[in-house]
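Here is how the chains run, residue by residue.
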Amino acid sequence: MTRSVRIGVAVLLVVLAVLPFVGITIPGLFDGALNAPGTLNLLGMCFVFGALAVTYDIVFGYVGLLSFGHALYFATGVYVTAIALARWHWSLPAALALTVVVSLVLPLVLGAICLRMRDIPFAMVTLAFAQAGSILVMQNPFGLTGGEEGLALGGDVLPSFLVGVVNTRNVYWVAFALIVVVYVVAWRAVNSPPGRVWQAIRENERRVGVLGLNPYLYKLGAFVLSAFLASICGVVYLLLQGGANPQVTTADFTLALLVMVVLGGVGTLWGAVLGGLAYEYLDFRLVALSNAPAVQSLPALLRVPLSEPLFLLGVLFIVLVLFVPGGLGGALRRRLPLRA
Amino acid sequence: MTETGPRTVLSTTSLGLRIRGVTIVDDVSLDVNEGELLVIIGPNGAGKTTLFNLLSGVTRPTSGKVVFRGDDITTAPPYVRARRGMGRTFQTSTIFAELSTLENVRLAAQAHLGGSDHIWALADRQQAALERARAALASVGLETRERAKAASLSHGEKRKLDLAILLCGDPRLVLLDEPTAGIAVEDVPEMMTLIRHIHRDQNKTVLMVEHRMDLIMGLADRMAVMHHGSLLAVDTPERIIANEIVQSAYLGDPL
Amino acid sequence: MTTIALLLITGLGLGALYFLIAAGLSLIWGLMRVLNFAHGAFFTVAAYAGWSASRLLTSSPAELRWAVAVVVAIVVGGAFAALTEVLLIRPLYSRHVGQVLVTVGLALATISLVQGGFGSDPQPFAVPDWMTNTSSIAGAGIPNTRLLVIVFAAVVLAVLLFFLQRTRFGLIVRAGVENRDMVQALGIDVQRAFTLVFTIGGMAAGLSGILAATYYGTVDPVRGTSMLIFAFIVVIIGGLGSVTGSAVAAVVVGVLQQFLNFYAAAGVGDFSVVLLLAVVLLVRPGGFSGSST
Ligand SMILES: Nc1ncnc2c1ncn2[C@@H]1O[C@H](COP(=O)(O)OP(=O)(O)OP(=O)(O)O)[C@@H](O)[C@H]1O
Ligand SMILES: [Mg+2]
C-alpha cells in the first residue's frame, strides 16, 4: 500500500468511528441524516456483510474451496445466540460462550466430512449440509427456532445499552468493530505461514503434499476459521436485526455471499469488503428504487424486472463474471496504485 | 542380508498397479542404493511416471510394498514420505503459478523448517525461511527473477524453479521425472550440470526418468529399463546398452 | 399395508421428479464438469410457461390444455437450456468456476423475475379430473398423478439410455464422461454434444417442472430451488455422470424421504436424506456407481 492510500484508509476509519455524532444529510446517498438510526442501521448491516464477505473470501478466494454452505455458519451465530437468549433466557456472556463453542465444533465436524471431496462435489456436499440446517430451522424443533416466523429477541433479553432506537449508535459501533476485527484477523491469517499454504493449495494441492504438508489439515483449519468468523458476524447481525429470520439459512443467502465476493474480486480481502458493502447497500437502495413512483408507473415489462433487486443483482453478477473477471476490486486495482 | 554392499535407501517389492483390469505397473522390484544416480528409461506409456506416483504416494499401489529408509511406506500419504526425506518433481512442472518465484521456494523452505502452522506469525517476517529460499534460488541461477510471477517464467526457468523447490526440502532421495522435457536445446547442458551438482556435491541419491541416451551416459551409475509396466533389466549403462533383451524390446522400438 | 403402498408410490413419484432433474445435471457434470445451478430455473420457467399456456386455452378440454402445457414446458425448458449453454457457458469455456457462477447468477435473476411477474404465492394448476382421482393399488387409493409421474420418468429413463447407448451423439457423450481428455481430442462434435446435453437436460427439467405442478396441483416459484438441492444429492449418491445411478438414487431418496416424513416427523425425511449423503461419502467418496477419483 502506498502512503496516500494508508492515510486515506486511516481518515476513513476515523470518520466512520465518529459518524454517530455527525448530523449532516447527504441527499441521494441516505434518506436521513448520517447519524439517524435508519442510516446507522443500514451502515451497520453493510459492515456485517462486508465482514461476512471477508470470511467467505478466506475459503473461496484464498484456499479455492467453492463452499455453498457458508450461510449455515452465519446462521449458527444468529440462531444459537438467539435461542440461548430468548428461549432459555441466558445472559449475553453465557449465550456468547455457547455460540463460540458451537461455531467451532460444527464446522470442525462438517468440514472434516465435506473435505473428503474436492472441487464441485465438495460444493454440492456443503450445499446439502446447509440445506439440512435450513430444514432444521424451518421445522421449528421443540419450538426453538420459530420456524418460518423466525425468533424475535424482545426487549428484556439484551443488556439495555444494545436495545432501542436511541442505542442504535452502540450497535453501529459493535458492527464497526466487527468489520475491523474480522478484517485484521483475516489479513493476519492469510499472510501467516498457514495462510500462505492455503494459497499454495489453491494453486496446486498435490504439490503441497509433496512438500511435506498435509493439505487436508490446512483446508480444515481455514474452513473452521472462516466459519467461526462467519458465526461472529451472525451474532452482530442478530443484534442489528433484533431477531433471527430463517432467510439467513437458505441456499439463496450463500449465493448472495458468492455474489458479494465475486462482485468485489475473489482473493483480495478489501475487494470482498467492497463487495459486501456494495451488495447490502444496493440491495437496500434497489428495494427503495422499486417502490419509487417513477418505477411503479412504468409499463409492466420494465416495472417487474426493476422491482426485483435480486434480478438486477443476478444480471449484474452474470455481466461481472463474463466481462470483469477480477470483480470491482480487480477493475479498481488496475486504476489505483495499491500494490507496488 | 549377509552381504555388506551399499545401503539401500528405497526398495520396492513386487509393486503393482491395476486399474479396471489393466495392468499399468507390473511386479516391480527395485533397490535404490544410497548415493547413486539411477536412471529409468522406457518408451512412452511404459509406466515410469506411474511408478514415480506409487513411490511418492500420489497413487496407491494395488499390490506389493515400498520401503523407504527402513520404514514400510506403502500406504503413507505423500506428505509423510516428503517429511522422511523424499522429494520429487513432476513431468510437467507443477509450480504454484499465481505466486511469485520467491514465494514458491519460500513455501518449500517453510515446510522444511517447520512453523507452517504458526497462525500468529507473519510469513514474510520468518527470516530463516526467506534466507533458505533465496539460497536455493541462487543455486539454480534464478536469484534475479524472485519477484516475477511463477506463471510468467520461461519453460526452462520453471524447471529450475522445480529443482529449487526440491532443494529447499533437503531430501535424501530425489525423484526427477524427465527434468529436460520440453526445455530449449541450449538449456539442456545447464540442467544436466545442475543435476550432477545435486548428486555429486550435495550427496543426494537421485532416481530420474530420462529419454535421451546421450545425456545418461557418463551421468548414470545404473540404469533400469521399463517396458509395459515391468522392469526388464537393471544394470550399468554399458551393460544395458549391450543387453539383448533390452535391445529388442526397447531400443529396437521406434520411439 | 395400504399406508405402506401409498408411501411407496408417493415416494417413487417424488423420486421420479428428482430423477428428471438429476439425469440432466449428472450428464452435464459428467461431460462438461459444470455444476448447473440454473437447472432449477429451467424447471421453474418451464413450469410457468406450461401453466400460462394452459390458462390461455380456458375454453379447450382439460386433457388438451394439460397436454399443451406439457409440450410447452418441454420446449421452453430445452430452449432456455440451449440458450444458456450457447450464450453463458460457452464463452467461459475452461473456466469451470466461472461457469458455475453464471449459472448461479442466472438462477437468482430468473427466479426473482418469476416471483416479480407471477407473485410469490403458488398458483393453482388445472389438470384433467381423472388425474386427481385415485386408483386402487394393494388396497390403497393412489392419486393418478403419482402414477403418471412415474410412467413419464420411466419413459425418459428408457429414452435416455437408448440415446446414450445406440446413437452417435450418445457415444460421444459417454466417451466424454468416461474420459475427459477424449472430449478435447474429439474437437468440433463435442461443442455440439455440449449444447445437446444441455438441451436434453433442460427438456427433462422442464418436464419435471410441469409434472411437479401436476403432482402438487400448483406452480410455485421457489419449488425449483429445493428440488434442485435434492437432485444434487441424488446425483452425488448415484455417482456423478451416471444416469442409471441417478435413477436408483432418486428412488432411494424419494422413498426414504416419504417414509421418514410420515413415520418420524415432517422434515425428518428431508434431514435423513442429507445424513444418507454424509454416510455414502464417508463410505464411498465416489457415490454408488462412480469411481473414487
Ligand atoms: N489413472 C489411470 N487410469 C488409466 N490408465 C492410466 C492411469 N494412469 C496411467 N495410465 C496409463 O498407464 C500407462 C503408463 O503411463 P505413464 O504416464 O506412467 O507412462 P510413462 O512411462 O511416464 O510415459 P511418458 O514417457 O509418456 O511419460 C499409460 O498407458 C497411461 O495411459
Ligand atoms: Mg511419464
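Residues numbered from 1 in each chain as written. Chains lettered and ligands numbered in written order. Predicted model: local features only at pLDDT ≥ 70, side-chain atom pairs only at ≥ 80, totals over all residues. Heavy atoms only, no water.

**Student:** Sorry if this is basic, but what is going on with the overall build of chain C here?
**Tutor:** Broken down by element type, chain C carries 12 helices and four strands. The C-alpha atoms of chain C give a radius of gyration of 19 Å, which matches the 19 Å a tight globule of 293 residues would have. Reported as C-alpha extents along the three principal axes, the dimensions of chain C are approximately 55 × 45 × 35 Å. Of the accessible surface of chain C, which amounts to about 11200 Å², a share of 68% is contributed by carbon and sulfur atoms. (Helix = DSSP H or I, 4+ residues; strand = E, 2+ residues; numbered from the N terminus. Rg over C-alpha atoms; globule rule 2.2 N^0.38 Å. Areas by Shrake-Rupley, 256 points an atom, 1.4 Å probe, with all protein chains shown as cover.)

**Student:** What is the right way to read the interface of chain C and chain A from this model?
**Tutor:** You'll often see interface size given as the accessible area lost when the parts meet. With 39 residues of chain C in contact, the opposing surface of chain A contributes 37 residues. Summing both sides of the interface, chain C and chain A together bury roughly 3500 Å²; the carbon and sulfur share of this comes to 86%. Together, C:Leu101, C:Leu108 and C:Ile229 form the three largest contributors to the area buried by chain C at its contact with chain A, with a combined 17%. Here chain C and chain A share zero salt bridges between them. (Contact = heavy atoms within 4.5 Å. Buried area = accessible area lost by both parts, 1.4 Å probe. Salt bridge = Lys/Arg side-chain N within 4 Å of Asp/Glu carboxyl O.)

**Student:** Hey, could you run me through empty space enclosed by the protein in this one?
**Tutor:** Remark: the empty space left among the atoms is shown by a probe the size of a water molecule rolled over them. Residue and element names in this part refer to chain C. This structure, assessed with the given rule, holds six cavities of 30 Å³ or more. One number sums up the size of the largest cavity: a volume of about 70 Å³. Breaking the lining of the largest cavity down by element, the ones donating at least two residues are α3 (62-89), α4 (96-118) and α9 (188-216). Tallied by class, the residues present in the lining of the largest cavity amount to five nonpolar, four polar and three charged. (1 Å grid on protein atoms, 1.4 Å probe; cavity = no way out; pocket = protein on both sides within 12 Å on 5 of 7 lines; lining within 4 Å. Points joined across faces, edges and corners; volume = space filled by probe spheres on them. Nonpolar A, V, L, I, M, F, W, Y, C, P; charged D, E, K, R; others polar.)

**Student:** Would you mind going over the pattern of salt bridges with me for this structure?
**Tutor:** Per the stated rule, a full pass over the model turns up 21 salt bridges over all chains. A salt bridge links A:Arg207 to B:Asp162, with the shortest nitrogen-to-oxygen separation between them at 2.8 Å. Pair noted here: A:Arg207 is in helix α8 (residues 205-210) and B:Asp162 is in helix α5 (residues 155-168), and the two residues belong to different chains. Overall, B:Asp162 belongs to the buried group, its relative accessible area being 1%. (Buried < 20%, exposed > 50% of the residue type's maximum accessible area, 1.4 Å probe, protein only.)

**Student:** Looking at this structure, I do not really get the state of the cysteines. What am I missing?
**Tutor:** Any covalent bond linking the sulfur atoms of two cysteines counts as a disulfide. All names here are of chain A. According to the stated counting rule, one finds zero disulfides over all chains in the structure shown. Cys233 carries a free sulfur, and the closest cysteine sulfur to it, the one in Cys46, is 14 Å from it. For Cys233, a relative accessible area of 0% puts it in the buried group. (Disulfide = S-S within 2.5 Å.)

**Student:** Would you mind going over a nonpolar patch on the surface with me for this structure?
**Tutor:** Residue and element names in this part refer to chain A. Together, Val100, Val101, Leu104, Val105, Leu108 and Val109 line one region of the surface with nonpolar side chains, adding up to about 460 Å² of accessible area. In this fold, Val100 is placed in helix α4 (residues 92-114). We classify Val100 as partly exposed; its relative accessible area is 31%. (Patch = residues over 30% accessible without salt bridge, like charges linked within 9 Å, V, L, I, M, F, W, Y side chains within 5 Å.)

**Student:** Which parts of the structure should I look at to understand the coordination of the magnesium ion (ligand 2)?
**Tutor:** Six octahedral donors around a metal ideally subtend angles of 90 or 180 degrees, whereas four tetrahedral donors ideally subtend 109.5 degrees. Distances from the magnesium ion (ligand 2) to its protein donors, B:Thr49 (OG1) and B:Gln91 (OE1), fall within 1.9 to 2.1 Å. Highlighted residues: B:Thr49 in helix α1 (residues 48-56) and B:Gln91 in the loop between β6 (86-88) and α3 (101-113), separated in sequence by 42 residues. (Donors = N, O, S within 2.8 Å, 3.2 Å for Na, K, Ca; no water.)

**Student:** Explain the side chain of A:Asp57 here, please?
**Tutor:** Residues and elements named next belong to chain A. Along the polypeptide, Asp57 turns up in helix α2 (residues 37-62). Put simply, Asp57 is tucked away with no salt bridge, and the nearest opposite charge, on Arg202, sits 7.5 Å away. In terms of polar contacts, Asp57 uses its side chain to reach the backbone amide nitrogen of Thr268, at 3.3 Å. Not counting the four nearest positions on each side in its chain, Asp57 is found in contact with Tyr62, Val261, Gly265, Val266, Gly267, Thr268, Leu269 and Ala272. (Lys, Arg positive; Asp, Glu negative; His and termini not counted. Polar contact = N/O pair within 3.5 Å; in protein donor to acceptor, adjacent residues only side chain to side chain.)

**Student:** Is there a simple way to explain the site of ligand 1 in this structure?
**Tutor:** Residues and elements named next belong to chain B. Near ligand 1 lie 13 residues; those nearest to it are Asn44, Gly45, Lys48, Thr49 and Thr50. Between an oxygen atom of ligand 1 and a side-chain N or O atom of His211, the distance comes to 3.3 Å. In the shell around ligand 1, the residues fall into four nonpolar, seven polar and two charged. (Near = heavy atom within 4 Å.)

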